[in-house]
Amino acid sequence: MPELPEVETVRQTLRRFILNRQIIGMDIYYPKMIESDIDDFYRLVNQHFIEVDRLGKYLIFILDDNAFISHLRMEGKYHIVESCEPITKHTHVSFHLDNGQDLRYLDTRKFGRMRLVDKDHYLEELPLSKLGKEPFDISTDELYDLLHRSSLSLKAALLNQNIMSGIGNIYANEICFAMHIDPRTKASRLSKKRCNELREVAIDILNRAIQQGGTTVSTFDSNGIHGLFQIELQVHGRDKCPECGSQIKKIYINQRGTYFCPTCQKRRY
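Summary of the structure given here. (Residues numbered from 1 in each chain as written. Predicted model: local features only at pLDDT ≥ 70, side-chain atom pairs only at ≥ 80, totals over all residues. Heavy atoms only, no water.)

1. Topic: the pairing of strand β6 (residues 91-97)
Argument step 1. Taking burial as the measure, the 7 residues of β6 include 7 buried ones, the bulk of the element.
Argument step 2. Sheet analysis places strand β1 (residues 23-28) next to β6, joined by 5 bridges and oriented antiparallel. Each residue of the ladder has a partner; that of Ile28, found in β6, is Val93.
Argument step 3. Here 5 bridges tie β6 to strand β7 (residues 101-107), and the two strands are oriented antiparallel to one another. Within the sheet, the bridge partner assigned to Val93 lies in β7 and is Tyr105. (Buried < 20%, exposed > 50% of the residue type's maximum accessible area, 1.4 Å probe, protein only. Helix = DSSP H or I, 4+ residues; strand = E, 2+ residues; numbered from the N terminus. Pairing = 2+ DSSP bridges.)

2. So, the sheet that holds strand β8 (residues 113-117)
Argument step 1. Pairing is antiparallel across the open sheet formed by 4 strands, whose spatial order is β2-β3-β4-β8. At either end of the open sheet lies a strand with only one pairing partner, and these are β2 (49-55) and β8. Each strand of the sheet is rotated relative to its neighbour by a mean of 20°, with strand direction disregarded.
Argument step 2. Bridging between strand β3 (residues 58-63) and strand β4 (residues 67-71) involves 5 bridges; their strand directions are antiparallel. The residue bridging Ile62 from the neighbouring strand is Ala67, located in β4. (Axes fitted to C-alpha atoms, helices over the stretch in contact; angles between N-to-C directions.)

Structure follows, in structure tokens:
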């Protein structure tokens, strides 16, 4: 699933292609993809893309009069193609632009969703209104309070988008490794000093991933841009610890594959 760095890469890429472009037509091939009333969603036709925003793992497309939220879920992708190109079986929504190109949404598993929202107050609408702050915006005191009200493990807390948004499985594993903390450690056991370290480590890892275009996995690409951060992954998907040479262990926390080094990441709490 694309996480914050991958979605940010998509956002930055799409801005170069679609800003100020007008939607002159639209085809919706899989109506369940649209959570809004379909007739309302078609009101986007004849409007221009003004901006592409992002919060956590959500994209927000802002147009003249409306905006819509898009969540890529597991395998969603946006492709810019010439309008004359054949529609593939995994294309579910196609926005026809005024320059002879299409913005097409493809999703092998059909899990992605789009929803029309108020362009001026979209942060106040669900699901965005329930999201926690991103690591870039949250203070140490806020993070400390949220973690100390939680009974979750650190790994599960990092995945909880209501606590802090944008972090998914890959980067949660990398953050725990960088902090030398066993991912099963109770999040509520972290001191304020460690919470500040957690925030700083998360910001550093996410920023470096954004600079590298994210992490390329089988379900992510951004119009031909392949993320290079996978070569910097220290623990996720690895066999040997880069620090001590121990065998990386894989367990499951909240049904998510969790990689950690049992030597470097001692369960101290």
